[in-house]
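This is what each chain is made of:
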Amino acid sequence: MKTIREVAKLFNVTPRTLRYYEEIGLLSPTRSHSKLRTFSKKEIAKLKLIMRGKRYGFSLDEIKEMIMLFDCDRTGIQQLERTVEYGEQKIKEIEEKIQELTQLKRELVELHATFSEKLAKLKGENAKNEQFHVISKKCP
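Definitions and cut-offs
Residues numbered from 1 in each chain as written. Predicted model: local features only at pLDDT ≥ 70, side-chain atom pairs only at ≥ 80, totals over all residues. Heavy atoms only, no water. Buried < 20%, exposed > 50% of the residue type's maximum accessible area, 1.4 Å probe, protein only. Helix = DSSP H or I, 4+ residues; strand = E, 2+ residues; numbered from the N terminus. Arc of directions from axis to C-beta. Contact = heavy atoms within 4.5 Å. Core = buried A, V, L, I, M, F, W, Y, C linked by side-chain atoms within 4.5 Å. Salt bridge = Lys/Arg side-chain N within 4 Å of Asp/Glu carboxyl O. Phe/Tyr/Trp six-rings, centres within 6.5 Å; stacked < 30°, edge-to-face > 60°. Lys NZ or Arg CZ within 6 Å of the ring centre and 35° of its normal.

A.B. asks: Tell me about helix α2 (residues 15–23), residues and numbers included.
C.D. replies: Taken together, the buried positions of α2 are occupied by Pro15, Leu18 and Tyr21. The arc that holds the buried residues of α2, viewed along the axis, is 120°, so those residues lie on one side. On its buried face, α2 sits against α1 (4–11), β3 (37–39), α3 (41–55) and α4 (60–72). Looking one or two places after α2, you find glycine 25, whose phi comes out positive at around 90°.

Dropping the structure here:
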């Protein structure tokens, strides 16, 4: 059994985050005689799933559903089916984002090349002009 501060430190979250997860039903720590929250290995395992789900971009509602399904079906089949379904959706979202970012990169590389070429050309022209003209006014 670990205290809320120990668990918060272990997962690099605040105690308030753990209390919030308890409030929305994601975690169910037990209370000691002095009313302090204590977290069992089961609750710590749930928190590992929550943190993994957040890392992969799942909403807290989706994470809660996946966790709750295991409590309803101890075989884990329903939980795994739903997790696979959410995973497929998340993979599709990531693939779309990759395509979008690839297109943005392509456009930025083209603009960079165009602007670099234009800058080199302007600098070259300015160097020629400076040989023949005295610049009387400087820009900031």
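A.B. asks: How would you summarise the nonpolar core if you had to cite specific residues and measurements?
C.D. replies: Among the nonpolar cores identified, the biggest contains 18 residues, and Val7, Leu18, Leu27, Phe39, Leu47, Ile50 and Ile63 are the most heavily contacted of them. Elements represented by at least two residues in this core include exactly α1, α2, α3 and α4. Residue contributions to this core peak at four residues, all from α1. Look past the residues within four positions of isoleucine 50 in its chain and what remains in contact with it is Tyr21, Leu26, Leu27, Ile63 and Ile67.

A.B. asks: Give me the lowdown on the environment of arginine 106, citing residues and values where you can.
C.D. replies: You can see arginine 106 is positioned in helix α5 (residues 77–132). In this structure arginine 106 comes out as partly exposed when scored by relative accessible area, which is 43%. Distance in space between the C-alpha atoms of arginine 106 and isoleucine 63 is 35 Å, their sequence separation being 43 residues.

A.B. asks: Summarise the pattern of salt bridges; cite the residues concerned and give the values.
C.D. replies: On inspection of all chains with the given rule, the structure shows eight salt bridges. In this structure, glutamate 22 and arginine 31 form a salt bridge, with 3.6 Å as the shortest nitrogen-oxygen distance. A residue is classified by how much of its surface remains accessible, and arginine 31, at 43% relative accessible area, is partly exposed. We note a salt bridge from arginine 37 to glutamate 22, for which the minimum N-O separation is 2.4 Å. Here glutamate 22 lies in helix α2 and arginine 37 lies in strand β3, a separation of 15 residues in the sequence. Several salt bridges converge on common partners, so that one network encompasses Glu22, Arg31 and Arg37.

A.B. asks: Could you give me a rundown of the side chain of lysine 46, with the residues and numbers involved?
C.D. replies: Locating lysine 46 in the fold gives a position in helix α3. Lysine 46 sits in the buried class, given a relative accessible area of 11%.

A.B. asks: Any details on the packing of aromatic side chains? Residues and values, ideally.
C.D. replies: The tally for this structure, following the rule as stated, stands at two aromatic pairs. With a centroid separation of 6.4 Å and an interplanar angle of 50°, the aromatic rings of tyrosine 20 and tyrosine 21 are classed as tilted. Above the face of the tyrosine 86 ring, arginine 82 is positioned so that its terminal group lies 3.9 Å from the ring centre.

A.B. asks: Quick rundown of the environment of leucine 36? Include the residues and the values.
C.D. replies: Note that leucine 36 resides in the loop between β2 (30–31) and β3. For leucine 36, a relative accessible area of 52% corresponds to the exposed category. Distance in space between the C-alpha atoms of leucine 36 and arginine 55 is 28 Å, their sequence separation being 19 residues. If we ignore the near neighbours within four places in the chain, the residues touching leucine 36 are Thr30 and Arg31.

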